[in-house]
There are 2 protein chains.
Amino acid sequence: MDTLLAQPKQTFANLPPEKRESIVRAAVAEFAEQGYQRASLNSIVRRLGISKGSLYQYFDNKEALFLHVFDHFTQQVKRQVRESMAGNSPNDFFVAARQVLLAGIAFIDNHPEYFQVYLKVLFERDVPRREELVARVRLFSLEYFGPLADLAMGQGLLRNDIPVPKVVFILDAMLDRFLQGYAQPYLDGGLALAGMSAARLHEEIDSMVAVLRTGLQPSDIGDK
Amino acid sequence: MDTLLAQPKQTFANLPPEKRESIVRAAVAEFAEQGYQRASLNSIVRRLGISKGSLYQYFDNKEALFLHVFDHFTQQVKRQVRESMAGNSPNDFFVAARQVLLAGIAFIDNHPEYFQVYLKVLFERDVPRREELVARVRLFSLEYFGPLADLAMGQGLLRNDIPVPKVVFILDAMLDRFLQGYAQPYLDGGLALAGMSAARLHEEIDSMVAVLRTGLQPSDIGDK
DNA sequence: CCATAATATGACCAGGCGGTCACATTAGGA
DNA sequence: TCCTAATGTGACCGCCTGGTCATATTATGG
């Protein structure tokens, strides 16, 4: 599960770290812009000012380079989640949701290209090991919300006419789609999420989470 | 707004309808599988058993063919919406939402490839006139929900601490993401929406709309 | 200093692309 | 029947792709 998808060749490991990073950066940029199949190794080496032969000394082929990039991506996600959750593990289901959403926003702000790579993978066919890649990312959310929802349901904090997996789906879907709108401006329904001040964005998030809370809690619990 | 994006050459118009349709079908299939840039005219003519020269007698270039396909797509959407709404114009905001969702499901069932083309356009760059194309489709939903939401808000049927555009966004986002899950199995959070019986699917839709209703209505209105 | 191993290079390959065009085939009216 | 206009065809063009490899360059350590 945590195993790496692909390891670069030894030659790559021998490189000074800043060169390794610049190579990964260039590759991420290319995959973010073009997706997997349209991404061009020629374009990547052009960006880097190195020869194609060199790139093939570092990675077996295009697929290995891509999988290495995706490994970096999941590590960054993990790090961002850990950072955003640091210290406070919320017991309230919807406070947790809010936090995940903020983590997502922070991730897109910090690594917009990585998120584009992910979106491309979602909807492109013939991406190597696509299902596995997608599953790895989606699990971050599902594995996190699942237990929390179980707990909340047990405490009677979620309406019991909707099964837990459905609750998790609704929550996850809403957050996911919000992030799509944040990353892809014409999916924000004209709200201009991307150009918003942090304060306004937090208001949008809060009102959305409030809607989810009211919608998903039992009817006999008072509104906020 | 309703004008066509591109018209084929006269030669195409002179073709017998079934040939025109088979050409569009082949093109849709290719664009659905590969997106715009990766789609191959060679592959399309191979599917059809016609020569490449012929295709260029029908359309000026790849872009014109694609835009013609997209014109067909929007027409199909329009038809599906008209059909699904036939007769009953719901006065209840959330009944309307349910109906839009059902129309979306029906559309994906009837034209899965067209929906894939749309998803590809959403997340691929360098698609000709992408923003315009996306806007055309999204407007179906936004222009429909907007006035309904205005009305509902005026009647005090929506919580007044959330502005109408935000309400429309939340509703639209949830429906949109549900359809993504229906069309792209690993986006359904394990609910297996695609393989579901119609009856079960309707239950899922109903419970989701119920959540939206409870979440979006004023707190002083009783739950359903 | 030199031998050897590690790394860097870019010309080159086969194959695919969108697009063109000279030519072959067919259709229609006189 | 025959001339003309419309339609169909596929070899070909320049360009780009992922990938290879013989060769040049650099590092290393005895």
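Attention here is on the structure that accompanies the text. (Residues numbered from 1 in each chain as written. Chains lettered and ligands numbered in written order. Predicted model: local features only at pLDDT ≥ 70, side-chain atom pairs only at ≥ 80, totals over all residues. Heavy atoms only, no water.)

### Let's talk about the overall build of chain A
Point 1. Counting secondary structure elements, chain A contains 10 helices and zero strands.
Point 2. Shown N-terminal to C-terminal, the secondary structure of chain A runs as helices and strands in the order α-α-α-α-α-α-α-α-α-α.
Point 3. Here chain A, with 224 residues, has 54% of them falling under the buried criterion.
Point 4. Partitioning the contacts of chain A with sequence separation of at least 6, the portion at a separation of at least 24 is 69%.
Point 5. Carbon and sulfur atoms make up 51% of the accessible area of chain A, which amounts to about 9900 Å² in all.
Point 6. The positive charge centre, built from 25 side chains, and the negative charge centre, built from 27, are 6 Å apart in chain A. (Helix = DSSP H or I, 4+ residues; strand = E, 2+ residues; numbered from the N terminus. Buried < 20%, exposed > 50% of the residue type's maximum accessible area, 1.4 Å probe, protein only. Contact = heavy atoms within 4.5 Å. Areas by Shrake-Rupley, 256 points an atom, 1.4 Å probe, with all protein chains shown as cover. Lys, Arg positive; Asp, Glu negative; His and termini not counted. Charge placed at Lys NZ, Arg CZ, Asp CG, Glu CD.)

### Focus: the interface of chain A and chain B
Point 1. At the interface, 45 residues of chain A touch 45 residues of chain B.
Point 2. Taking both sides of the interface into account, the surface hidden between chain A and chain B amounts to around 4200 Å²; carbon and sulfur atoms contribute 66%.
Point 3. Considering only the surface of chain A that becomes buried against chain B, Phe123, Phe169 and Tyr186 of chain A emerge as the three largest contributors, covering 19% of it.
Point 4. Where chain A packs against chain B, one counts 10 salt bridges.
Point 5. One salt bridge connects arginine 177 of chain B with aspartate 176 of chain A, and the closest N-O pair in it is separated by 2.8 Å.
Point 6. At the junction of chain A and chain B, the tally comes to 18 residue pairs in polar contact (both at pLDDT 80 or more).
Point 7. The greatest single-element share of the side of chain A that touches chain B, amounting to 11 residues, is contributed by helix α9 (residues 164–183) of chain A.
Point 8. Here the side of chain A that touches chain B is composed, by residue class, of 20 nonpolar, nine polar and 16 charged. (Buried area = accessible area lost by both parts, 1.4 Å probe. Salt bridge = Lys/Arg side-chain N within 4 Å of Asp/Glu carboxyl O. Polar contact = N/O pair within 3.5 Å; in protein donor to acceptor, adjacent residues only side chain to side chain. Nonpolar A, V, L, I, M, F, W, Y, C, P; charged D, E, K, R; others polar.)

### Let's talk about the protein's contact with DNA strand C
Point 1. Lining the immediate environment of DNA strand C, one finds 18 residues, of which Asn14, Gly53 and Gln57 of chain A together with Ser40 and Lys52 of chain B sit closest.
Point 2. In the model, a base nitrogen of DNA strand C is placed 2.3 Å from a nitrogen or oxygen of the glutamine 57 of chain A side chain.
Point 3. Residue assignment for the surface near DNA strand C shows that the elements contributing at least two residues are α1 (10–14) and α4 (52–58) of chain A together with α3 (41–48) and α4 (52–58) of chain B.
Point 4. Its residues assigned to classes, the surface near DNA strand C comprises five nonpolar, 10 polar and three charged. (Near = heavy atom within 4 Å.)

### Looking at the protein's contact with DNA strand D
Point 1. Residues in contact with DNA strand D amount to 19 residues; listed here are only the nearest, Ala39, Lys52 and Tyr56 of chain A together with Asn14 and Gln57 of chain B.
Point 2. Interatomic distance of 2.6 Å between a backbone N/O atom of alanine 39 of chain A and a phosphate oxygen of DNA strand D.
Point 3. A distance of 2.8 Å separates a phosphate oxygen of DNA strand D from a polar atom in the side chain of serine 40 of chain A.
Point 4. If you list the elements that add at least two residues to the surface near DNA strand D, you get α3 (41–48) and α4 of chain A together with α1 (10–14) and α4 of chain B.

### What about the environment of leucine 48 of chain B?
Point 1. Assignment of secondary structure puts leucine 48 of chain B in helix α3.
Point 2. Between the alpha carbons of leucine 48 of chain B and arginine 25 of chain B there is a distance of 9.6 Å; along the sequence they are 23 residues apart.

### Looking at empty space enclosed by the protein
Point 1. Scanning all chains against the criterion turns up two cavities of 30 Å³ or more.
Point 2. By volume, the largest cavity amounts to about 240 Å³.
Point 3. When contributions to the lining of the largest cavity are tallied by element, the ones reaching two or more residues are α2 (17–38) and α7 (112–123) of chain A together with α2 (17–38) and α7 (112–123) of chain B.
Point 4. It is α2 of chain A that provides the largest number of residues to the lining of the largest cavity, a total of five residues.
Point 5. Among the residues forming the lining of the largest cavity, the class breakdown is four nonpolar, five polar and 11 charged.
Point 6. Roughly 30 Å³ of volume is contained in the second largest cavity.
Point 7. The wall of the second largest cavity is formed by Leu41, Leu55, Tyr56, Phe59, Asn61, Lys62 and Leu65 of chain A.
Point 8. Those elements that provide at least two residues to the lining of the second largest cavity are α4 and α5 (62–85) of chain A.
Point 9. In terms of residue class, the lining of the second largest cavity is made up of five nonpolar, one polar and one charged. (1 Å grid on protein atoms, 1.4 Å probe; cavity = no way out; pocket = protein on both sides within 12 Å on 5 of 7 lines; lining within 4 Å. Points joined across faces, edges and corners; volume = space filled by probe spheres on them.)

### Points about the packing of aromatic side chains
Describing an aromatic ring pair means giving the distance of the ring centres and the angle of the ring planes.
Point 1. Enumeration according to the criterion identifies 31 aromatic pairs over all chains in this entry.
Point 2. On the numbers, 4.6 Å between centres and 0° between planes, the contact of phenylalanine 123 of chain A with phenylalanine 123 of chain B is stacked. In this pair, phenylalanine 123 of chain A is assigned in helix α7 and phenylalanine 123 of chain B in helix α7, connecting two distinct chains.
Point 3. Of the residues examined, phenylalanine 123 of chain A reaches a relative accessible area of 4% and is grouped as buried.
Point 4. Linked through ring pairs, Phe31, Tyr36, Phe66, Phe70, Phe73, Phe107, Tyr114, Phe115 and Tyr118 of chain A together constitute an aromatic cluster.
Point 5. The ring of tyrosine 36 of chain A has lysine 62 of chain A sitting right over it, with the charged end atom 5.0 Å from the ring centre. (Phe/Tyr/Trp six-rings, centres within 6.5 Å; stacked < 30°, edge-to-face > 60°. Lys NZ or Arg CZ within 6 Å of the ring centre and 35° of its normal.)

### Observations regarding the relation of the copies chain A and chain B
Point 1. By a simple turn and slide, chain A fits onto chain B: the slide is 0.0 Å along the axis, the RMSD is 0.0 Å, and the turn is 180°. Given the turn and translation reported, the copies of this chain are related as if by a two-fold rotation axis. Minimal C-alpha distance to the rotation axis in chain A is attained by glycine 215 of chain A, lying at 1.9 Å.
Point 2. Most of the interface of chain A is mirrored in chain B: 100% of its interface residues are interface residues there too. (Least-squares fit on C-alpha atoms with pLDDT ≥ 70 in both.)

### Topic: the packing of α7 of chain B against helix α9 (residues 164–183) of chain B
Residues and elements named next belong to chain B.
Point 1. Where α7 contacts α9, the axes come no closer than 11 Å and their chain directions differ by 120°. Viewed along their axes, α7 and α9 adopt a mutual orientation that is oblique. Relative to α9, α7 is oriented so that their crossing is left-handed. In this structure, α7 uses Phe115, Gln116, Tyr118 and Leu119 to contact α9, whose residues at the interface are Asp176, Leu179, Gln180 and Ala183.
Point 2. Looking at side-chain class alone, the contact of α7 with α9 contains five nonpolar, two polar and one charged residues. (Axes fitted to C-alpha atoms, helices over the stretch in contact; angles between N-to-C directions. Parallel < 35°, antiparallel > 145°, perpendicular 65-115°, else oblique. Left-handed = near helix turned anticlockwise from the far one by under 90°.)

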